[in-house]
Amino acid sequence: MSGVVLPEMREARLGNGLRVVVARRPGVPLAAARLAVRAGSALDPQGAFGLAHLVAISARRGAGRRSGRAIDDLVESLGANLAGGAEEDASVHGLSAPVEVLPRLLEVLAAVVARPTFPVAEFERLRRSERAELAHDADEASTVADRALLEAVYAGHPYGHPVEGRGQDLGKIRRRDAEAFHGRWFGPGAALLVVSGPVDPGATVEEAERRLGAWKPAPAKPAEIPSATRRPRSVVIVDKPDASQVQIRIAGVAIPRRSPDYFPALVGNTVLGGGFTSRLVEAIRVNRGLTYGVRSRFAVGRCTGIFSISSFTKNETAGELIEVALEEMARFATSGPTGEEISRGASYLAGLFPLSLETHDQWADRIADAWIYGYEVDEVRGYQERIRAVTPEQAQAATARHLPIEDGVVLAVGPAGPLEQQLSRFGPVEVWPVRRVM
Amino acid sequence: MDLGPVVAHTLANGLRVRVLPDRLVPAVSYYTFFGVGSRNERPGITGISHLFEHMMFNGSERYGPKEFDRVLEAHGGASNAYTSNDVTAYHDDFATDALPVVIDLESDRMRALRITVEALDQERSVVMEERRLRTENSHFGLLEEQLESLVFQAHPYRWPVIGWMDDIARIGREDCLDFFRTYYAPGNASIYVCGDVEPDDLLRRIEAAYGPIPAGPPVPAPIGGEPPQRGERRASIRHPAHASAMLAGFRAPAAREPDTAVLDVLQTCLASGEGSRLRRSLVQEQEVAVSVGVGFTWRADPGVFLLSMELAPGASQRKAEGALWAEIDRVASRGVAERELGRARALLRSSTLHEFSTRSGVAHALGQAEALLGDWREAGRSLERYQAVTREDVRRAAREWLAPSHRNVVWLDPEDVS
């Protein structure tokens, strides 16, 4: 079977150190651009959780000589979309636009990332609305579970808070904090510009030089984040007395994207809980009808990552679901996957891989990801072979090492009273109010 | 949009097949649409279309229970499905080599699905969890269920696609067998394929696999007869919540009516992007809402044009709602500017190009167009339709469809969360 063909790639480094990658490929007459900076929520100072996120979303509200409204009008009148966001390891501003207007909008993208003005009124409004949105998030049990999980698994680590921050911290962050964060970390030496689509690579690099060549270096080098440590088993119940269904997570510290365990663990996890015929789906959904959805995954960052099982069930069966999930993890770790399971899992991952690189946006994201997480874009060419080369023994070993069978966190969002009785058998229980994680 | 290379063929048993070869990537997207959704249901078995969708993965004559996805994954593929008010669509993405297997799997379940009480009971509890997730523990799920039952009094759109909990518990094996015989025959189905295939070869394989399946009975017409709405209707949901939210709806034209393109333009002017009217006025300038949205999904029968808002904790419902209707009145009385129309056309063009940038997007668009507009070719004509919309069309459509006497409004009234 033929694999993935790399687009025609043109790489350049500008005089100020900015890396530029242009991927020329056929397809619909749109173009995708990403301008990524290696400064994300892991650099949020203590007491200012959410700062990187606020910087990312407010940059769009005024840059260079343009107001936020002028940027909206220009971008949207050309049929384009421009949005910025932070993740743990980076801030990424993305542009998707009709290819013919790309040069005009690269200028806007460059200004938003290199020269944001953080207008006071806009910054204050966003700060208020972000806090108000947390009130709606507090009513979404799955969002509450995902937020609580970071704190429970990573306690004290720079990845241990939600990117969107906390209400209390958002209340204290000032415009000058945003300016200082941007001034300290945002510079061409810690940034990458990617453009993908039916574009002229030479002209695109020239355009990048024109728009970003004068961007001055930042004083600070991108900080490397330490790895995280595994912790003894704890059970966290986030109390939501009105819920008729419990959101459940079982998770622990696992691997970064660069780990040698990445590929065998990816295949192993497909068997355990990644695909639709996984052991967890079979045991929990198909055989017992306990849930509509259950999956496990390795979420990988630059310096570390998290393994998690996510599911939900009616209040009465939360303990049963967790019990089955823990049993399945233990069974996987001791007796491993069969040859048939590994072959099926590998075929599934390898067969669908080309469809993850169909669009200009997917290519731009992949190239930016490789840079952020520290792997080679060229990996995509050998991806399917690497997946198919994984043996059952390698998958078992690489996955089992990182499963929170005895340690990690068992987390449930639902009514604390009945849950405490069901869940105390899994470890020492802490009950948190929802507001603790908002 | 160039759909010139699409090869269209109809089998003697009525099964329609549309193929668009695209050999750039060694993969294929394969959709099977059945012309049945919650619109074809009746009280007592609401939700059967969706519950039945789950049953399609539980074994057929030559593939036992749990086999469908196992075989597909082993050949480098994955499946999914959805049920809407109007259609049920099954979707397989897979590596090129899996094509013969997919045709075998799909034709076997269309020809001879197995329906056991055991599988039905297990899927019933899965669907009940799905309902708890999406409706009973979701504010917008609760609001939407309440709103549709305000907008519609007679038409089956008044009940949720997932069905009422009691009906999910009640649906029996006989109901399912009857449903399968009535709605899952080739005469009520169509297949859309986009990707690395050779059309003649594909059609030969489909003819061989699906050709012998009998056409099936004529499909009964759904219940209609929705009376006109003669005044505003309101309801509220009391539920523990940290902040309030609103969902409003107006009856909207059926997909085949020309005003759907106008309402697409209107919704883009109102709520797509930071520079849209509602976002600018309600969220940025007046700060009466934290978020605002418009949802207009095309339906086979007259559907609904939705407006939603989330409020900051403690914010005034009256003020937010007043601000929303003031904006709607402004469009209905004065229309939109030429530059807003241009902006909407540009955004809709990009969004259509995005849809056509994946094999799945193209195959789905063909199926959607044929199901709702009666012709797959319409998928390639959406840009022309948007181009033809005038400022006067937008003003007239806002005045006609979003009139105050046609409003339906549901508020979430927060109860104390502690």
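Residues numbered from 1 in each chain as written. Chains lettered and ligands numbered in written order. Predicted model: local features only at pLDDT ≥ 70, side-chain atom pairs only at ≥ 80, totals over all residues.

With respect to the domain arrangement of chain B
All names here are of chain B. Looking at the assigned domains, one finds that chain B contains domain 1 (7–210) and domain 2 (233–415). When each unit is reduced to the centre of its C-alpha atoms, the spacing between domain 1 and domain 2 is 28 Å. Of all the secondary structure elements, the ones that give two or more residues to the side of domain 1 that touches domain 2 are β2 (16–21), β3 (27–34), β5 (88–95), α5 (139–151) and β6 (189–195). In terms of residue class, the side of domain 1 that touches domain 2 is built from 17 nonpolar, nine polar and seven charged. (Domains from an automatic or database assignment. Helix = DSSP H or I, 4+ residues; strand = E, 2+ residues; numbered from the N terminus. Nonpolar A, V, L, I, M, F, W, Y, C, P; charged D, E, K, R; others polar.)

Brief notes about the domain arrangement of chain A
Residue and element names in this part refer to chain A. Each assigned domain of chain A is listed here: domain 1 (8–212) and domain 2 (234–437). Using only C-alpha atoms to locate each centre, domain 1 and domain 2 end up separated by 28 Å. At the junction of the two partners, domain 1 supplies 32 residues and domain 2 supplies 31 residues. For the side of domain 1 that touches domain 2, the secondary structure elements donating two or more residues are β2 (19–24), β3 (30–37), β7 (91–98), α5 (141–154) and β8 (191–197). (Contact = placed C-beta atoms within 7 Å.)

Some remarks on helix α3 (residues 102–114) of chain A
Residues and elements named next belong to chain A. Between the first and last C-alpha of α3 there are 18 Å, a value that for 13 residues agrees with the 18 Å anticipated at 1.5 Å per step. Counting buried positions along α3 yields 10 of 13 residues, so the element is predominantly enclosed. Where α3 is concerned, the buried positions are L102, L105, L106, V108, L109, A110, A111, V112, V113 and A114. (Expected span 1.5 Å × (residues − 1). Buried ≥ 20, exposed ≤ 12 C-beta atoms within 10 Å, placed from the backbone.)

Quick notes on the pairing of strand β11 (residues 294–300) of chain A
Residues and elements named next belong to chain A. Only one face of β11 is buried, namely the one carrying V294, S296, F298 and V300, since none of R295, R297 and A299 on the opposite face is buried. Sheet topology places β11 next to strand β12 (residues 305–314); seven bridges connect them, and they run antiparallel. Its bridge partner being in β12, S296 is matched across the sheet by I309. Taking the residues that link successive antiparallel strands as the turn, the β11-β12 hairpin has four residues. (Pairing = 2+ DSSP bridges.)

Section: unusual backbone geometry
Residues and elements named next belong to chain B. For K66, which is not glycine, the phi torsion reads 70 degrees and is therefore positive. Checked against the element boundaries, K66 lands in the loop between α1 (48–55) and α2 (67–74). With 17 C-beta atoms packed within 10 Å, K66 lands in the partly exposed category. With a phi angle near 50 degrees, E287 is a residue other than glycine that sits in the positive phi range. Structurally, the position occupied by E287 is in the loop between α10 (277–285) and β9 (291–296).

Here we look at the sheet that holds strand β11 (residues 408–415) of chain B
Pairing between sheet strands relies on hydrogen bonds along the backbone, with the strands arranged either parallel or antiparallel. Residues and elements named next belong to chain B. Read across the open sheet, the five strands follow the order β7-β11-β8-β10-β9; overall the sheet is mixed. Sheet topology places β7 (233–240) and β9 at the edges, where each strand pairs with a single neighbour. Looking at each pair of strands side by side, their axes are set apart by 15 degrees on average, direction ignored. As paired elements, β7 and β11 share eight bridges and run parallel to each other. Residue pairing across strands places P240 opposite E415, the latter belonging to β11. Relative to the sheet, α10 contacts β9 and β10 (304–310), its axis offset from that of β9 by approximately 155 degrees. (Axes fitted to C-alpha atoms, helices over the stretch in contact; angles between N-to-C directions.)

Things to note about the environment of E378 of chain B
Residue and element names in this part refer to chain B. Relative to the elements of secondary structure, E378 occurs in the loop between α13 (359–373) and α14 (382–387). With 13 residues separating them in the primary sequence, E378 and A365 have C-alpha atoms 9.1 Å apart. Setting aside residues up to four positions removed in sequence, E378 forms contacts with A369 and L373.

A closer look at the interface of chain B and chain A
Taken together, the 53 residues of chain B in the interface contact 49 residues of chain A. Broken down by secondary-structure element, the contributors of at least two residues to the side of chain B that touches chain A are α2, β4 (77–83), β5, α4 (117–136) and α12 (338–355) of chain B. In terms of residue class, the side of chain B that touches chain A is made up of 20 nonpolar, 16 polar and 17 charged.

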